[in-house]
Amino acid sequence: MHQTINGGSADKNGGRRARRHPVILRASSLVIAGVLSVLLVSAVAPPIIADQSDRAVVNAPLTLLTAPIDGEVGSLSKQIRNAVEPGDSLARISNARVDESALMALEQKTSDERAKLEATKQKKESDRAYVNALDSEISSQTETLRTQFQSEIVALRAKVAESDSLSGAKKALVDRQSTLVARNVASMDMLNPTKAQYSAALHNADAERAKLNQKIAQLDALQKGIYVGDDLVAIGILVQKRRDISLDATRMQIEEKELSASLRDHQSLVDKERQRLAILADADVTASTPGTILTMGVTPGRRVNAGDAVASLVDCDKRFVAAIFSYRQSQSMKVGTRVHIDNADFKSGIVEAILPKTTDKVDERYAVPFPQTERRELYAIITPDERDSEVVNSEPVATSSETTPCTVGQWVTVTKDKALIPSMSVTWHRAEKLIASWNADKGPAPGDSKKSTLSAGIAALIAEFRSAASAAQPAVP
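Everything numeric in this text was worked out from a predicted model, so none of it was measured.

Peer 1: Sorry if this is basic, but what is going on with the sheet that holds strand S9 (residues 309-314) here?
Peer 2: Strands belonging to one sheet form pairs held by backbone hydrogen bonds; the direction of such a pair is parallel or antiparallel. Judged by pairing direction, the sheet is antiparallel, and its four strands sit side by side in the order S2-S9-S7-S4 without closing on themselves. Two strands bound the open sheet, and with one partner strand each, they are strand S2 (62-66) and strand S4 (83-84). One ladder, built from four bridges, connects strand S7 (residues 291-296) with S9; its direction is antiparallel. Across the sheet, Met296 pairs through a bridge with Ala311, a residue of S9.

Peer 1: Explain the pairing of strand S5 (residues 89-94) here, please?
Peer 2: On a regular strand, one side chain projects to one face of the sheet and the next to the other, so that they alternate. Here four bridges tie strand S3 (residues 71-76) to S5, and the two strands are oriented antiparallel to one another. Residue pairing across strands places Glu72 opposite Ser94, the latter belonging to S5. Bridge analysis of S5 against strand S6 (residues 282-286) gives five bridges, and the strand direction is antiparallel. For Arg92, the partnering residue across the bridge sits in S6 and is Asp284.

Peer 1: I'm lost on the pattern of salt bridges in this one. Help?
Peer 2: With the rule as written, the count across this model stands at 19 salt bridges. In this structure, the salt-bridge partner of Glu256 is Lys124, at a minimum N-O distance of 2.7 Å. Taken together, the residues span a long stretch of sequence, with Glu256 in helix H4 (residues 233-281) and Lys124 in helix H2 (residues 101-182) at a distance of 132 residues. Glu256 sits in the buried class, given a relative accessible area of 14%. Close ionic contact of Asp175 with Lys171 constitutes a salt bridge, the shortest N to O distance being 3.4 Å.

Peer 1: Would you explain unusual backbone geometry in this entry?
Peer 2: Most peptide bonds adopt trans geometry, and most residues besides glycine take a negative phi value. We note that Arg81 has phi near 80°; this positive angle belongs to a residue other than glycine. Here Asn343, not a glycine, exhibits a phi torsion of approximately 70°, which is positive. In this structure, Asn343 sits in the loop between strand S11 (338-342) and strand S12 (348-355).

Peer 1: How do you make sense of the packing of aromatic side chains when you look at a structure like this?
Peer 2: Working definition: an aromatic ring pair is given by the centre-to-centre distance plus the angle between the planes. Counted according to the given criterion, the structure contains four aromatic pairs. For the ring pair Tyr366 and Phe370, a centre distance of 5.6 Å and an interplane angle of 65° mean the geometry is edge-to-face. Using a relative accessible area of 4% as the deciding quantity, one classes Phe370 as buried. Ring centres of Phe370 and Tyr379 lie 5.3 Å apart, and the angle between their planes is 85°; on these two criteria the pair is classed as edge-to-face. For the residue pair Phe370 and Tyr379, the accessibility class agrees, reading buried in each case.

Peer 1: Is there a simple way to explain the sheet that holds S5 in this structure?
Peer 2: Strand order in this open sheet of four strands is S6-S5-S3-S8, and the pairing throughout is antiparallel. Edge positions in the open sheet fall to S6 and strand S8 (303-304), since each of these has one partner strand only. Pairing of S3 with S8, which is carried by two bridges, proceeds in the antiparallel orientation. Paired with Gly71 across the bridge in S8 is Val304. Sitting on the sheet, H4 touches S5 and S6, and the angle it makes with S6 is about 60°.

Peer 1: Would you mind going over the nonpolar core with me for this structure?
Peer 2: For soluble globular proteins, the rule of thumb is that nonpolar side chains tend to be buried together. Residues Val73, Leu90, Ile93 and Leu313 are the most contacted members of the largest nonpolar core, which totals 19 residues. Taken together, the elements giving at least two residues each to this core come down to S3, S5, S6, S7 and S9. When residues no more than four places from it in sequence are discounted, the contact partners of Leu90 are Leu65, Ser75, Leu76, Ser77, Lys78, Val84, Val285, Ala287, Ile293, Ala311 and Leu313.

Peer 1: What's the story with the pairing of S11 in this structure? I'm lost.
Peer 2: Residues Val339 and Ile341 line the buried face of S11, whereas the alternating positions Arg338, His340 and Asp342 sit on a face that is not buried. The pairing of S11 with S12 spans three bridges and is antiparallel. The partner of His340 across the bridge, within S12, is Ser348. In textbook terms, the turn of a hairpin is the stretch between consecutive antiparallel strands, and for S11 and S12 this stretch comprises five residues, one of which, Asn343, has a positive phi near 70°.

Peer 1: When you look at H2 in this model, what are you seeing that I'm missing?
Peer 2: Compared with an ideal rise of 1.5 Å per residue, which puts 82 residues at 122 Å, H2 spans 115 Å between its outermost C-alpha atoms and is within 8% of the ideal. A positive backbone phi angle near 65° is found at Asn184, which sits one or two residues after H2.

The rules behind the values
- Residues numbered from 1 in each chain as written.
- Predicted model: local features only at pLDDT ≥ 70, side-chain atom pairs only at ≥ 80, totals over all residues.
- Heavy atoms only, no water.
- Pairing = 2+ DSSP bridges.
- Helix = DSSP H or I, 4+ residues; strand = E, 2+ residues; numbered from the N terminus.
- Salt bridge = Lys/Arg side-chain N within 4 Å of Asp/Glu carboxyl O.
- Buried < 20%, exposed > 50% of the residue type's maximum accessible area, 1.4 Å probe, protein only.
- Phe/Tyr/Trp six-rings, centres within 6.5 Å; stacked < 30°, edge-to-face > 60°.
- Contact = heavy atoms within 4.5 Å.
- Axes fitted to C-alpha atoms, helices over the stretch in contact; angles between N-to-C directions.
- Core = buried A, V, L, I, M, F, W, Y, C linked by side-chain atoms within 4.5 Å.
- Expected span 1.5 Å × (residues − 1).

This is how it looks when you write it as structure tokens:
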């Protein structure tokens with residue numbers, strides 16, 4: 001009897017379990033379908049019409065500081081997150097393996113030019129001394145010849161006067177004898193010799209007068225620097241030699257000027273080469289713009305090549321937020337629109353530009369690459385509100401999670417002013433935090449298996465939502 005009763009009750013329990021299985025299956029199917037629908041809708045529809053985006057990152061212009069020379073990094077005067085001003089030194093680079101062959105060749109040429117210049121100067125001075133000696137000799141001989149010519153001219157004038165007197169006496173004798181012959185007192189034989197003597201006296205006077213004129217001409221030529229005649233041959237040779245030596249001295253002077261100019265050029269090249277080697281041997285990596293050090297690409301003792309990146313500077317005064325919105329928001333996200341920003345040290349900003357896309361070359365100019373966009377998405381470039389930044393900066397901001405200067409690379413949430421449709425990923429994230437805090441405040445009572453099962457189910461749903469949200473949000477590079 002007991003067996004019959006127990007068997008009947010067992011059949012009834014089995015029937016109830018059989019009836020419950022389809023209900024559980026249908027309920028599970030509906031729950032799974034609902035979860036998948038919610039995930040599909042949250043992954044596709046909300047980003048198109050949402051007024052909120054958590055695919056936004058803080059960015060700022062980037063400046064690369066490169067090594068000016070090859071060498072080894074000696075010391076680093078700045079570290080990451082240090083603020084720098086233009087002209088500040090970040091690193092010292094030294095190079096002991098500088099090629100000095102060009103400097104040695106230039107110095108050898110300069111030495112040769114200097115030796116030629118000294119030889120030319122000595123030759124010029126020697127020529128000038130020789131010219132001075134010749135001038136003295138020429139002056140002495142000219143004065144001697146002048147005195148000699150003057151004395152000879154005086155003697156010749158006396159002889160000319162004497163010849164004139166003799167020719168006059170002979171003329172008087174000829175006249176007297178001619179009168180006697182005319183009177184037949186004397187014969188022609190006596191007159192002819194007298195006439196011959198008179199003619200000889202005239203010729204002698206002419207000869208003396210010619211010598212006198214020659215000496216006068218030579219004296220005049222000597223005074224004018226014209227050396228013609230047998231008496232002036234020696235001094236003419238000296239004058240010609242003096243002219244040749246003077247020309248050589250002039251040539252040496254011109255060559256001296258040319259060598260001096262060439263020496264100055266070579267010395268300038270040597271100085272420039274020394275400066276270049278000094279720069280190549282030791283140089284500082286200095287900041288050209290103000291900013292904050294974002295990364296340091298070298299360590300003390302490391303060898304770098306010219307052009308290698310040493311450090312990167314980020315300009316925190318020009319930071320901005322690059323947020324991704326649907327192209328449907330381009331009208332409402334026009335330039336000048338005010339937005340709210342969460343998870344940043346500034347709470348609001350203004351849309352400065354709308355970009356349809358970006359390129360790798362554009363990304364190289366900024367601290368972090370722009371987030372990747374999908375089809376029909378655009379970038380909204382947002383600058384922090386200066387008034388809001390002043391208020392926020394007056395209060396200390398927690399920097400425990402901050403890993404880069406001025407929060408560059410930090411993901412933030414951008415919400416349009418008077419937003420109506422939130423982002424589903426942000427909504428799920430907030431729901432996750434709310435449920436997690438609620439579970440922390442109200443933990444399950446001991447032995448309450450139903451509540452534990454419910455909490456486990458909710459945790460599973462949260463894990464699914466989290467995976468969907470993380471799949472929609474790209475990681476920071």
